[in-house]
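# Topology and contacts: notes
The primary structure of each chain is shown beneath.
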Amino acid sequence: FATDRALELVAGGMPFREAYRHVRDHLDELDQRRELERLRRLGVRTPSVPPEFGLIGHIAAGAAIHRLRFGQRSGSRFETLGLLVACVGLSLLPDLDAAVGIFAGNLGRYHNNFAGSPAFGTLVALAAGAVMWMFRRQLAWPTTRLVFVCYQVHVLMDFLTISRGTMLLWPF
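The paragraphs below set out a description of the structure included in this document.

Criteria and thresholds
- Within every chain, residues take consecutive numbers counted from 1 along the sequence as written.
- Where totals are concerned, whole chains, interfaces and linings use all residues; where local detail is concerned, this predicted model gives features only for residues with pLDDT of at least 70, and gives and counts side-chain atom pairs only at 80 or more.
- Processing note: side-chain calculations cover all non-hydrogen atoms of the structure and skip hydrogens and water entirely.
- Where helices and strands are cited, they refer to DSSP runs of H or I of at least four residues and of E of at least two residues respectively, numbered from the N terminus.
- We call a residue buried when its accessible area falls under 20% of the maximum for its residue type, exposed when it is over 50%, and partly exposed in between, using a 1.4 Å probe and counting protein chains only.
- We call two residues contacting when some pair of their heavy atoms lies within 4.5 Å.
- Patches here: salt-bridge-free residues with over 30% relative accessible area, like charges joined within 9 Å, nonpolar side chains (Val, Leu, Ile, Met, Phe, Trp, Tyr) joined within 5 Å.
- Per-residue accessibility takes into account occlusion by the displayed protein chains alone, with areas from the Shrake-Rupley method and a 1.4 Å probe.
- The term salt bridge refers to a side-chain nitrogen of Lys or Arg lying within 4 Å of a carboxyl oxygen of Asp or Glu.
- A fitted line through C-alpha atoms serves as each axis, taken over the contacting stretch for helices, and the angle formed by two N-to-C directions is quoted from 0 to 180°.
- Here the word oblique covers every angle except those under 35 degrees (roughly parallel), over 145 (roughly antiparallel) and from 65 to 115 (roughly perpendicular).
- Take the far helix as the reference: if the near one is turned anticlockwise from it by less than a right angle, the crossing is left-handed, and if turned clockwise, right-handed.
- By the convention adopted, Pro, Cys, Tyr, Trp, Phe, Met, Ile, Leu, Val and Ala count as nonpolar, Lys, Arg, Asp and Glu as charged, and the other residues, Gly among them, as polar.
- Paired rings are identified among Phe, Tyr and Trp, the last through its six-membered ring, by centres lying within 6.5 Å, and are further divided according to the angle between planes into stacked (under 30 degrees), edge-to-face (over 60) and tilted (the rest).
- Under the rule applied, a polar contact is a pair of N or O atoms within 3.5 Å (in protein, one hydrogen donor and one hydrogen acceptor; residues adjacent in sequence only if both atoms are side-chain atoms).
- Residues enter a nonpolar core if they are buried and are Ala, Val, Leu, Ile, Met, Phe, Trp, Tyr or Cys, with the set joined through side-chain atoms within 4.5 Å.
- Given the number of residues in a helix, its expected span is that number minus one, multiplied by 1.5 Å.

A few words on the side chain of Ser117. Of note, Ser117 is situated in the loop between helix 7 (107-110) and helix 8 (118-135). Exposure remark for Ser117: the relative accessible area of 0% places this residue in the buried category. Once residues lying within four places of it in the same chain are set aside, the contact partners of Ser117 are Tyr151, Val155, Met167, Leu168 and Trp170.

Here's what the structure looks like:
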């Protein structure tokens, strides 16, 4: 809905970057029910999905990435479990901004903003790779790739979900 609102502002003559920032600063003003009703009138199917289904979906995506990347076993049981937990944790990483929003008392202002963008996910992956480079250089590149894939799958899933919207083009 944030993207729809930004495009409405652009159609009204506001420059894109300014419209994008306006929507970011006024996310709490978006009326999700009104937007869902507008989409239904246009004939768009809008399933009612409880928020916990998104959480379950992201956990399942992390488990699937683990399975695809490492197969059924990836060393000892402890190592396999550790990598599974890492993949699931990394697939939930973009939602850490929700914790800030909950503590600040304004979820809409913080959640699905910069942390839900491919650019930020790339920065996180590069930072994780750099940290790994300092300790075990041979694992730096595999770590960077794993963090990148887990993070970007989450962002893609959020983008494809009918919800509040994500800031895919952040920082532009």
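A contiguous nonpolar surface patch, about 270 Å² in accessible area, is contributed by Leu7, Phe16 and Leu169. Here Leu7 is to be found in helix 1 (residues 2-11). Judged by relative accessible area, Leu7 falls into the partly exposed class, the value being 47%.

Remark: helix 5 (residues 77-92) packs on helix 9 (residues 140-160), axes separated minimally by 7 Å, with the N-to-C direction vectors making an angle of 45 degrees. By the angle between their directions, the pair helix 5 and helix 9 is classed as oblique. The two elements helix 5 and helix 9 meet at a crossing, and its hand is right-handed. Taking contact as the criterion, the partners of Cys87, Leu90, Ser91 and Leu92 in helix 5 are, on helix 9, Leu146, Val147, Cys150, Tyr151 and His154. Residue composition of the contact of helix 5 with helix 9, grouped by class: seven nonpolar, two polar and no charged.

Our focus in this paragraph is the packing of aromatic side chains. All chains considered together, the criterion is met by two aromatic pairs. Ring centres 5.8 Å apart and planes at 25 degrees place the aromatic pair Phe16 and Tyr20 in the stacked group. With Phe16 and Tyr20 both in helix 2 (residues 16-25) and four residues apart, the pair spans about one turn of that helix. A relative accessible area of 12% means that Tyr20 is categorised as buried.

This part is about the side chain of His58. Within the element layout of this structure, His58 appears in helix 4 (residues 51-70). Within the structure, His58 has its side chain in polar contact with the side chain of Asp158 (distance 3.0 Å). Residue contacts for His58: discarding those within four places in its chain leaves Ser91, Leu92, Asp95, His154, Met157 and Asp158.

Counting seven residues, the largest nonpolar core consists of Ile65, Cys87, Leu90, Ala125, Leu146, Val147 and Cys150. For this core, the secondary-structure elements that each account for two or more residues are helix 5 and helix 9. The element best represented in this core is helix 9, accounting for three residues. When near neighbours in sequence (up to four residues on either side) are disregarded, Ala125 contacts Thr144, Val147 and Phe148.

Moving on, we get to the packing of helix 8 against helix 9. At a minimum axis separation of 8 Å, helix 8 and helix 9 run at an interaxial angle of 155 degrees. Considering their axes alone, helix 8 and helix 9 lie roughly antiparallel with respect to each other. Considering the relative orientation of helix 8 and helix 9, their crossing is right-handed. Contacts from Pro118, Phe120, Gly121, Thr122, Val124, Ala125, Leu126, Ala128, Gly129, Met132 and Trp133 in helix 8 reach Ala140, Thr143, Thr144, Val147, Phe148, Tyr151, Gln152 and Val155 in helix 9.

A word on helix 9. Across its 21 residues, helix 9 extends 30 Å between first and last C-alpha, which sits within 8% of the 30 Å expected from 1.5 Å per residue. Turning to helix 9, its buried residues number three or more, namely Ala140, Thr143, Thr144, Leu146, Val147, Cys150, Tyr151, Gln152, His154, Val155 and Asp158.

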